[in-house]
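Fold and geometry: a report
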Amino acid sequence: MDELKQVEINVVGSFRLAKTDILKLHDFTLFLQKEIEFLKLLNKKYQSKIITLETSFNDLQDRFGTLDSKPLKIKAPLVYFASKSSKKLHVSTCFFAKKISLKNKVQFSSKLTAFSEGYSICKCVA
Ligand SMILES: [Zn+2]
């Protein structure tokens with residue numbers, strides 16, 4: 001009888017320990033989920049920063065050429081057109097740029113400016 005009682009106490013004790021562990025794991029899982037959400041936000045923020053930097057780098061390359069190009073040629077500044085309705089930026093020579101109606105047409109001298117104002121970029125913009 002005493003032996004049986006001891007077994008019961010041991011079993012109850014083991015379950016209590018297991019329950020404590022499970023609760024700790026649950027809290028830790030919640031903590032990790034929050035951590036993941038935070039890192040996702042951070043990742044998003046950095047990705048948009050990278051896009052901005054790439055766009056500005058491309059703008060500089062357009063203007064001054066790449067480092068390995070021999071003579072430093074300064075190209076005539078590109079003119080970009082965007083439609084207020086589609087919010088998309090095109091080079092002035094693009095087929096779609098020519099189709100933008102006058103009342104919707106916005107002109108930009110830099111991709112970066114258009115990008116920072118929320119315009120997306122057409123494939124014609126290198
Ligand atoms: Zn285009």
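As the structure is a computational prediction, the values presented were derived from the model and not from experiment.

**What to know about helix α1 (residues 2–64)**
The periodicity of an α-helix, 3.6 residues per turn, causes residues three or four places apart in sequence to face the same way. Taking 1.5 Å per residue, 63 residues should reach 93 Å; α1 reaches 91 Å between its end C-alpha atoms and fits that length. Among the residues trailing α1, G65 stands out with phi positive, at a value near 80°.

**What about the nonpolar core?**
Core analysis: the biggest nonpolar cluster contains nine residues, these being Y80, F81, A82, L89, A97, A114, F115, Y119 and V125. For this core, the elements supplying multiple residues, two or more each, are β1 (80–83) and α3 (111–116). Looking at this core element by element, the count peaks at three residues for β1. Beyond its immediate stretch of four places on either side in the chain, F81 contacts H90, S92, A97, I100, K105 and Q107.

About the criteria used
- Residue numbers here run from 1 along each chain, matching the order of that chain's written sequence.
- Under the rules for a predicted model, residues below a pLDDT of 70 receive no local features and side-chain atom pairs below 80 are neither given nor counted, while totals for whole chains, interfaces and linings still include all residues.
- Per the convention used, a helix needs a DSSP run of H or I reaching at least four residues, while a strand needs a run of E reaching at least two, with both numbered from the N terminus.
- By this rule the span expected of a helix is its residue count minus one, scaled by 1.5 Å.
- Defined on buried residues, the nonpolar core groups Ala, Val, Leu, Ile, Met, Phe, Trp, Tyr and Cys residues joined through C-beta atoms within 7 Å.
- Our exposure labels follow a C-beta count within 10 Å of each residue's own C-beta, placed from the backbone: buried means 20 or more other C-beta atoms, exposed means 12 or fewer, and partly exposed covers the counts in between.
- What counts as a contact here is a pair of residues whose C-beta atoms, placed from the backbone, lie within 7 Å.

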